[in-house]
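# Close look at the chain arrangement
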Amino acid sequence: MKLQKAVALRMTNLLRKNNMSQYALSMSSGLSKQAIANIVNEKYESIKFDTVIKIADGFNMTLKEFIDDKLFDRENLDID
């Protein structure tokens, strides 16, 4: 799977787990509500590293905690 899909799935899982809305994540991450929706709905062709850091911050996690998921295992990602 593409990295942006892995990020979208991880965000969706964390939103559910934390009973958190996309709006709440936008407020805590500093990203716009539209940006959060676009990421979750996989509207972007790519995702910036600093955006992933902001998302992790929004969940009050370190980047390492955010990517510590099987979604981000090398064998699960399509990387050229």
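Residues numbered from 1 in each chain as written. Predicted model: local features only at pLDDT ≥ 70, side-chain atom pairs only at ≥ 80, totals over all residues. Heavy atoms only, no water.

### Quick notes on the environment of S28
Here is the rule: Helix and strand definitions here come from DSSP, where helices need a minimum of 4 consecutive H or I residues and strands a minimum of 2 consecutive E residues; each element is numbered from the N-terminal end. The contact definition used throughout considers only heavy atoms, calling two residues in contact when any of these lie within 4.5 Å. Counting of polar contacts relies on pairs of N or O atoms within 3.5 Å, with two restrictions inside protein: one atom must be capable of donating a hydrogen and the other of accepting it, and residues adjacent in sequence are counted only when both atoms are side-chain atoms.
Relative to the elements of secondary structure, S28 occurs in helix 2 (residues 22-29). Along the primary structure S28 and M61 are separated by 33 residues, whereas in three dimensions their C-alpha atoms are 11 Å apart. Once residues within four sequence positions are removed from consideration, S28 is found in contact with M20, D57 and G58. Here the side chain of S28 touches L25 through a polar contact of 3.2 Å, landing on its backbone oxygen.

### Topic: the nonpolar core
This is how the line gets drawn: Only buried residues count toward a nonpolar core. Its members are Ala, Val, Leu, Ile, Met, Phe, Trp, Tyr and Cys residues joined through side-chain atoms within 4.5 Å. Each residue is assigned to one of three classes by its accessible area relative to the maximum for its type, calculated with a 1.4 Å probe on protein chains only: buried under 20%, partly exposed between the two thresholds, exposed over 50%.
Counting 21 residues, the largest nonpolar core has V7, M11, I55, F59 and F66 as its most contacted members. Listed by contribution, the elements that provide at least two residues to this core are helix 1 (3-17), helix 3 (33-40) and helix 4 (49-58). Ranked by residue count, the leading element in this core is helix 1, at 5 residues. In this view, V7 contacts I39, I47, V52, I55, F66 and F72; residues no more than four positions away in its chain are not counted.

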